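# Results of the structural survey
Okay, here's what each chain looks like letter by letter:
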Amino acid sequence: MCAGFQFIMGEPLGLLKVIVVQGKRLVVRDFKSSDPYVIVKLGNQTAKTRVISSCLNPVWNEELSFSLKESAEVLNLQVFDKDRFKADDKMGHAHLSLQPLISAARLRQILGVSSGETTLRKVIPDTDNCLAWDSTISCINGEVVQDVWLRLSDVESGEIELKIKLTNPSPVAPSRPR
């Protein structure tokens, strides 16, 4: 078995890094613009980006980290407009099945890919995800990486770009008796 990835039910599979890159064509929730931020959830873990003021095409480039367990197979994302004097307005939501990423990590392990860049699989938009268009999962220097554009649901328009990386957890060196 390749060092780092464990595929026992409920055990950690690795560190999932979600880079919230940018948003495009987000909806107006204030007078002429919005102050968007993104909340990303994986199982019972939650992380949030910073607020970008007065922008419908924000660029965050923020990395959010999660511990990936096999039981947490769906990444959920919500976009909100920050308001000062009332509850934040919803600007849409999206989800992405992580099963293709987990399967690609298994394939990477079977193939023994650890350096360079190798395409492992292609994911197409369907009911298991909110993909705006096809997405490729690759192994880049030992990390399993997926670039995605998610179409926001329950709003007139809006897409969010994410880069998702699954990396091995830090190996723990066995202790030696002295």
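Residues numbered from 1 in each chain as written. Predicted model: local features only at pLDDT ≥ 70, side-chain atom pairs only at ≥ 80, totals over all residues. Heavy atoms only, no water.

## Considerations on the packing of aromatic side chains
Within the structure shown, the criterion is met by two aromatic pairs. Between Tyr-37 and Phe-80, the ring centres sit 5.7 Å apart and the planes meet at 25°, which makes this aromatic pair stacked. With Tyr-37 in strand S2 (residues 36–42) and Phe-80 in strand S5 (residues 74–81), this pair connects stretches of sequence that are 43 residues apart. Considered together, Tyr-37 and Phe-80 belong to a single accessibility category, that of buried residues. Here the aromatic rings of Trp-133 and Trp-149 are separated by 5.8 Å at their centres, their planes lie at 45°, and the arrangement is tilted. On the criterion of sequence distance, the pair formed by Trp-133 in the loop between strand S7 (117–123) and strand S8 (135–140) and Trp-149 in strand S9 (residues 143–151) is long-range, its members being 16 residues apart. Exposure remark for Trp-133: the relative accessible area of 44% places this residue in the partly exposed category. Above the plane of the ring of Tyr-37 lies Lys-48, whose end atom (NZ or CZ) is 4.7 Å from the centre. (Phe/Tyr/Trp six-rings, centres within 6.5 Å; stacked < 30°, edge-to-face > 60°. Helix = DSSP H or I, 4+ residues; strand = E, 2+ residues; numbered from the N terminus. Buried < 20%, exposed > 50% of the residue type's maximum accessible area, 1.4 Å probe, protein only. Lys NZ or Arg CZ within 6 Å of the ring centre and 35° of its normal.)

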